[in-house]
Amino acid sequence: MFRSRYGLACALIALMAPSTAAFAPASRTFAKTQQSKTMQLHSEVKNDNVSQTEDTKRDKVMTFEYDMSMEPKYEKPTYPGTGNGLSGESGEYDVVVIGSGMGGLACGAISAKYGDKVLVLESHIKCGGSAHTFSRMHNGGKYSFEVGPSIFEGLDRPSLNPLRMIFDILEEEMPVETYTGLGYWTPEGYWRFPIGSKQNFEDLLMERADDGPKAVAEWNALRARLKTLGGSTTAVSLLNLRQDPGFLATTAGSLPFVLTHPDVFLDLNLTFDSLHKTVDQIVTDPFLLNFIDTMCIFCGFPAKGAMTAHMLYILERFFEESACYSVPIGGTCALGDTLVRGLEKFGGKIQLNAHVDEVIVENGRATGVRLKNGKIVKAKKAVVSNATPFDTIKMLGTEQELPSEVQVWKDELGKLPRHGAIMHLFIAIDAEGLDLSHIEDPAHLVIQDWGRSMQDSQNLCSFFIPSLLDKSLCPEGKHVIHVYSSGGEPYEPWEKLTPGSKEYEAYKEDRAECLWTAVERCIPDIRDRVEFSIIGSPLAHEAFLRRDRGTYGMAWAAGKGAPQSGLLSSVLPFPFPNLKTPIDGLLRCGDSCFPGIGTPSAAASGAICANSMNPVGKHLDLLEEASKRDPMYKFLSPGIMGRIYEPLVQGSTPSAELKVEQSQEA
């Protein structure tokens, strides 16, 4: 999905912290909604997670909570065809990374470029985390489907997207096809959000808004209000950040911007506050308000609950003439494959089907991991968990002697609110005689009712037809379509069901009906064209992608600081935990910590981890090298001021708990 690249404001946070069988085939009988069955299952589960989804109003902000400390033995299901986790060999490395999502692979690849001996361990048989593709053979033809993010901006050329920056730092290329819009199917009909043209968007406002000139004026007023913060996205990158005093040197290149825009400090609190507080002061047009909410919802929340930072990149970047969306050729698995090539180029390794059962802690320090097959992999410098916080705390077990602060950390992370689960529908269709001339783009958003919450999994969904641009994904004359709900599907009703049972299959059909009706807005006869279809339930999402309870990600609504988010979280309400932990040598990365949800942010968190594990001098060298790769990246250079600060902070980098020499002496 497209996400924000936070810019200068987030630099000030850096120092505040010490196989297809997973988806059971759907029946070819397309049942209509069985409301009584849904209500029966919901009524049997008495808790807030479920009850909040039964009557969703537009202004409702939904989060889901579970107390992980109450179930230390809860074990995730895994499905045949995704691996049994019993591979993996013993060894000793500088850095051991648990998980090969965007964060884990970026951390591993950048660490390897720094010169570390790196091993990435992945429980699944494929890398990439949620950026994943699976295939199904049908009548002799191969059909490939996305299972996670599908809307990417800034991957076609050097850009402000941290993931693209990391590709370029690793000197790796990923072929893509591009498109320039996002289709909207709303109660009022179809319209298209055009990317890459300020004028085209203003024309859309003039056409669709109740009062076109007023909507244009309000939109430009919002952009003007956030202009200074938005400009900071080209003053410093997330890749400049590290979690120790060295950030003073690596972000020194932003000093000219700070000196010429001192008002950026006045808006620091606004950066991490809920966007709706600013929007509500400026915007009144319903169409524009709806659009802003949909731009935010990909981060999990509408404007109410979303950080202002999430909108900054859209305001700055999406209206430049070169802006466009990208479809990775071969599927989103290409994202992970590209990072793996970078990892291996610099000597790093990845072991698939290698499940980590436990992070080993000795004398208060993470010294390695124990695999499911019993083998031990040692880590001289650090263990980095790319797993969710809910899965990371499970890996610490219940019998190890841990530092006293760890129990509070485990309790707080284990109870963090999260987004709900996701429903998936994968459809292969016969496209013979199919006229799709009424659409221009493969990515579409569907809203049933503006009066209901956009987090409601029965109200908002997306569908993606990548085969419109990438013909390698299915046989000629066919199309593959991925339809997926917003992350608001309650898990509890599913937890009561047995996969494969009649009740489970009926409930899948029931909950997926809204996904069918959504794509019918675009292709009315789609059910007659079906070659085969697969419904992915939250149980399948959990088992296939190794995501606890099938969650979309952590959900701390903007407006107050999340637990473990830094020393100044009470002053600057940053809604994501940071990368460090109370255990020396144990770091986290991924979408459940700084800087947040989305492939660019998750990849950036991995780079920040790698930066934080290495001396500031190496980081400065990396940034200088990257700044010369393209004029777009010139702002990455810390300049002469970075070298001036270097001797002042180099003794504190990496921070004490990550220094190998100290841990070995102890």
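Scroll up a little and you will see the structure.
In short, a report on the structure. (Residues numbered from 1 in each chain as written. Predicted model: local features only at pLDDT ≥ 70, side-chain atom pairs only at ≥ 80, totals over all residues. Heavy atoms only, no water.)

1. Digging into unusual backbone geometry
The omega angle of the peptide bond from F594 to P595 is 5°, so this bond is cis rather than trans. One non-glycine residue, R549, lies in positive phi territory at about 55°. Take R549: it is sitting in the loop between α21 (538–545) and β19 (586–588). Of the residues examined, R549 reaches a relative accessible area of 5% and is grouped as buried. (Helix = DSSP H or I, 4+ residues; strand = E, 2+ residues; numbered from the N terminus. Buried < 20%, exposed > 50% of the residue type's maximum accessible area, 1.4 Å probe, protein only.)

2. Quick word on the packing of aromatic side chains
In total, this model carries 22 aromatic pairs according to the counting rule given. Seen from their ring centres, Y143 and F532 are 5.3 Å apart, and the 90° between their planes marks the pair as edge-to-face. Taken together, the residues span a long stretch of sequence, with Y143 in strand β4 (residues 141–146) and F532 in strand β18 (residues 530–536) at a distance of 389 residues. Judged by relative accessible area, which is 2%, Y143 ranks as buried. (Phe/Tyr/Trp six-rings, centres within 6.5 Å; stacked < 30°, edge-to-face > 60°.)

3. Topic: the packing of helix α4 (residues 102–114) against helix α15 (residues 333–345)
Relative to each other, α4 and α15 sit at 20°, their axes nearing to 8 Å. It follows that α4 is roughly parallel to α15 by the angle criterion. Handedness of the crossing formed by α4 with α15: left-handed. Counting all contacts with α4, which are made through M102, L105, A106, G108, A109 and A112, the residues of α15 involved are L335, G336, L339, V340, G342 and L343. (Axes fitted to C-alpha atoms, helices over the stretch in contact; angles between N-to-C directions. Parallel < 35°, antiparallel > 145°, perpendicular 65-115°, else oblique. Left-handed = near helix turned anticlockwise from the far one by under 90°. Contact = heavy atoms within 4.5 Å.)

4. Some thoughts on the sheet that holds strand β6 (residues 176–179)
Read across the open sheet, the three strands follow the order β5-β9-β6; overall the sheet is antiparallel. If you trace the sheet from one side to the other, it starts and ends with β5 (152–153) and β6, each paired once. Relative to strand β9 (residues 325–328), β5 runs antiparallel, the two being bridged by two bridges. Across the sheet, F152 pairs through a bridge with S326, a residue of β9. (Pairing = 2+ DSSP bridges.)

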